[in-house]
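Spelled out from the first residue to the last, the chains are:
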Amino acid sequence: MPAVKPAIMKNLNKNFARLKPVGIRQFDYQASAIPGIIKLTLGEPDFNVPEAMKEAAIKSIQDNDSHYAPGNGTVALRKAIAHFMRDRYNLTYDPANEIAVTVGATEGIYASLTAITNPGDEVLIATPTFPLYASVTTLLGSTPVEIDTSADGFVLTPTRLKQVLASHPNAKTLVLNYPSNPTGVTYTHDQVKALAEAVKATNLIVIADEIYSELVYDGRHTSIAEFIPDQTLVLNGASKSHAMTGYRIGFIAGPKELMGPVSAAHAMMITAASDPAMAAATAAFATDAGKAATQQMKAAYQERRDFLVAALRKLGFEITTPNGAFYVFAKLPAKFGTDDVKFATDLAQKGKVAVIPGSYFGAGGQGHLRISYAASLDNIKAAIERIKHFVEED
Ligand SMILES: Cc1ncc(COP(=O)(O)O)c(C=O)c1O
């Protein structure tokens, strides 16, 4: 095994030292070592990839579909995505130059922030949220500005945005994620419209991570791009809607003038996504089987959510109703104070249930737990029994 020449360590990108530790995977890893633990930690669907999507991937391999695809993805997949965006969200994108297929939404986040920011820029991030936005921003030499939304039911209001812009007038972009990881909260049509109006009065580019858009339980998802398509990059993908996290297919859609630099950054990182995975995603976004598969999973998630929310409320946790994604963000009962890391650590060690401390998701998350219901109903029920025991004993 090679040992590094010590003197070269000072040559690494200095921004790594600015990164805040991201605790989710580490917490999950440590909890996994506890014998008999039930894990409600990760945002990973517990369903298999639907058959029609698997068959499309297999056919792609058998057809020797094994060459570099166009940088922005196969034409078939970009057309499928255009259909999906029109069919579900009433959004119109030209597959020729307004859509890029990425390696998961993760790469979409990196490509978008790379296209928009220069070192020193400020990136507004509504929190609590997925920690990757702040990490990528930091690695690119920019500065994340967290906007704590906890006082407004985890929704960014126009008033709050204006307040933040007064002290950060040069911020370049606003990262929004709804339905939200970790809160499960989503925005109503009117909330999105009002926020879009506030953004319209600025020169902010919105990076709208709508990866959970297919998992909205009551009502329908409204994309912010419906109101300000000229200022929005929409990120989405097949990971959550079709349980295809390991296939690594996401996409970015936006006006062609923004998509030029986004696609350039994207191509420099990955050239193009993998052919069989793109074939599977084409089936996911274009076919009735793809739509039906999501509906089926959604019904199962909804049943779990309803059970989990009711059971946790009964145990004294306060919860803002989660209408999307597959997370419940539960505020600790008053007697446990606000140290969510201690509570989650004790719950894992003594109660044998693993959930993620809310403070890992940035400002506004303290005193909360993120509980993922991307787990079987049996496991969720068993976890509730254990949490009940733990809370009542302590
Ligand atoms: C809000 C959010 N965005 C993006 C991702 C990553 O998606 P992908 O697996 O498609 O890269 C996740 C995964 O947990 C997420 O919660």
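Per an unreviewed UniProt entry, the chain carries the name Aminotransferase and comes from Limosilactobacillus pontis. Entered under Cofactor (unreviewed entry) in the UniProt record, the comment concerning the chain runs "pyridoxal 5'-phosphate". Its UniProt record, at the heading Sequence similarities (unreviewed entry), says of the chain: "Belongs to the class-I pyridoxal-phosphate-dependent aminotransferase family."

> Explanation requested: the overall build of the chain in the structure shown.
Within the chain, the regular secondary structure consists of 13 helices and 13 strands. The C-alpha radius of gyration computed for the chain amounts to 21 Å, which stays within 12% of the reference 21 Å derived for 394 residues, consistent with globular compactness. C-alpha atoms of the chain, sized along the principal axes, occupy 60 × 60 × 50 Å. Out of the 394 residues in the chain, the part that is buried amounts to 56%. Looking at the chain alone, contacts between residues at least 24 apart form 76% of all its contacts between residues at least 6 apart. On the chain, roughly 17100 Å² of surface is accessible, and the fraction owed to carbon and sulfur atoms is 55%. For the chain, the distance from the average position of its 37 positive side-chain charges to the average position of its 38 negative side-chain charges is 4 Å.

> Would you mind showing me how to read the domain arrangement of the chain here?
For interface size, the figure often reported is the accessible area lost on association. Domain parsing of the chain yields domain 1 (6–48 + 291–393) and domain 2 (51–287). Between the C-alpha centres of domain 1 and domain 2 the distance comes to 23 Å. Facing the 39 residues of domain 1 at the interface are 40 residues of domain 2. Carbon and sulfur atoms supply 56% of the area that domain 1 and domain 2 bury against each other, a total of about 3300 Å² over both sides. At the boundary of domain 1 with domain 2, the tally comes to 2 salt bridges. Lysine 291 serves as the salt-bridge partner of aspartate 87, at 3.0 Å between the closest nitrogen and oxygen. Here domain 1 is connected to domain 2 by 21 residue pairs in polar contact (both at pLDDT 80 or more). Among the elements that make up the side of domain 1 that touches domain 2, the one with the highest residue count is helix α11 (residues 288–314) (7 residues). For the side of domain 1 that touches domain 2, a count of residues per class yields 18 nonpolar, 14 polar and 7 charged.

> Can you walk me through the pairing of strand β7 (residues 232–237) in this structure?
Consecutive side chains along a regular strand alternate between the two faces of the sheet. Of all 6 residues in β7, 6 are buried; the element is thus mostly enclosed. Every second residue of β7 is oriented toward a common face, with Thr232, Val234 and Asn236 on one face and Leu233, Leu235 and Gly237 on the other, all of them buried. Examined bridge by bridge, β7 and strand β8 (residues 250–253) share 4 bridges and lie antiparallel to one another. Bridge pairing in β8 links valine 234 to alanine 253.

> Mind showing me how you'd approach empty space enclosed by the protein here?
The rolling of a water-molecule-sized probe over the atoms marks out the regions of remaining empty space. Enumeration according to the criterion identifies 1 cavity of 30 Å³ or more in this entry. What the largest cavity holds in volume is close to 80 Å³. When grouped by side-chain class, the residues that make up the lining of the largest cavity number 5 nonpolar, 6 polar and no charged.

> Got a minute to help me understand the sheet that holds strand β10 (residues 327–331) in this structure?
Picture the strands of a sheet paired through backbone hydrogen bonds; they go either parallel or antiparallel. Strand order in this open sheet of 4 strands is β9-β10-β13-β12, and the pairing throughout is antiparallel. On the outer flanks of this sheet lie β9 (318–319) and β12 (356–357), each paired with one strand and no other. Judged from the 2 bridges that link them, β9 and β10 form a sheet pairing that is antiparallel. Within β10, the residue paired with glutamate 318 across the bridge is lysine 331.

> Is there a simple way to think about the UniProt feature "domain: Aminotransferase class I/classII large" (unreviewed entry) in the chain in this case?
UniProt's feature table lists "domain: Aminotransferase class I/classII large" (unreviewed entry) at residues 37–387, given in the numbering used throughout. End C-alpha atoms of residues 37–387 are separated by 12 Å, and the span's content is 42% helix alongside 15% strand.

> When you look at the pattern of salt bridges in this model, what are you seeing that I'm missing?
Opposite charge on two side chains permits them to pair, given that their charged atoms come into close proximity. Summed over the entire model, instances satisfying the criterion amount to 13 salt bridges. Between aspartate 28 and lysine 39 there is a salt bridge whose closest N-O contact spans 2.9 Å. Within this pair, whereas aspartate 28 is found in helix α2 (residues 24–32), its partner lysine 39 is found in strand β1 (residues 38–39), the two being separated by 11 residues in sequence. When its relative accessible area of 34% is taken as the criterion, lysine 39 is described as partly exposed.

> Before we go on, may I ask you to explain the sheet that holds strand β3 (residues 122–127) in this structure?
Spatially, the 7 strands line up as an open sheet ordered β2-β8-β7-β6-β5-β3-β4, and their pairing is mixed. Lying at the two open borders of the sheet, with one neighbouring strand each, are β2 (99–102) and β4 (143–148). Pairs of neighbouring strands in the sheet enclose a mean axial angle of 20°, with direction left out of account. Where β3 lies against strand β5 (residues 173–177), 3 bridges are found, and the strand directions are parallel. Residue pairing across strands places isoleucine 125 opposite valine 175, the latter belonging to β5. Contacting β2, β6 (205–209), β7 and β8, helix α9 (residues 256–270) runs over the sheet at an angle of about 25° to β2.

About the thresholds
- Residues numbered from 1 in each chain as written.
- Predicted model: local features only at pLDDT ≥ 70, side-chain atom pairs only at ≥ 80, totals over all residues.
- Heavy atoms only, no water.
- UniProt positions renumbered as here; feature names shortened; annotations may be inferred.
- Helix = DSSP H or I, 4+ residues; strand = E, 2+ residues; numbered from the N terminus.
- Rg over C-alpha atoms; globule rule 2.2 N^0.38 Å.
- Buried < 20%, exposed > 50% of the residue type's maximum accessible area, 1.4 Å probe, protein only.
- Contact = heavy atoms within 4.5 Å.
- Areas by Shrake-Rupley, 256 points an atom, 1.4 Å probe, with all protein chains shown as cover.
- Lys, Arg positive; Asp, Glu negative; His and termini not counted.
- Charge placed at Lys NZ, Arg CZ, Asp CG, Glu CD.
- Domains from an automatic or database assignment.
- Buried area = accessible area lost by both parts, 1.4 Å probe.
- Salt bridge = Lys/Arg side-chain N within 4 Å of Asp/Glu carboxyl O.
- Polar contact = N/O pair within 3.5 Å; in protein donor to acceptor, adjacent residues only side chain to side chain.
- Nonpolar A, V, L, I, M, F, W, Y, C, P; charged D, E, K, R; others polar.
- Pairing = 2+ DSSP bridges.
- 1 Å grid on protein atoms, 1.4 Å probe; cavity = no way out; pocket = protein on both sides within 12 Å on 5 of 7 lines; lining within 4 Å.
- Points joined across faces, edges and corners; volume = space filled by probe spheres on them.
- Axes fitted to C-alpha atoms, helices over the stretch in contact; angles between N-to-C directions.

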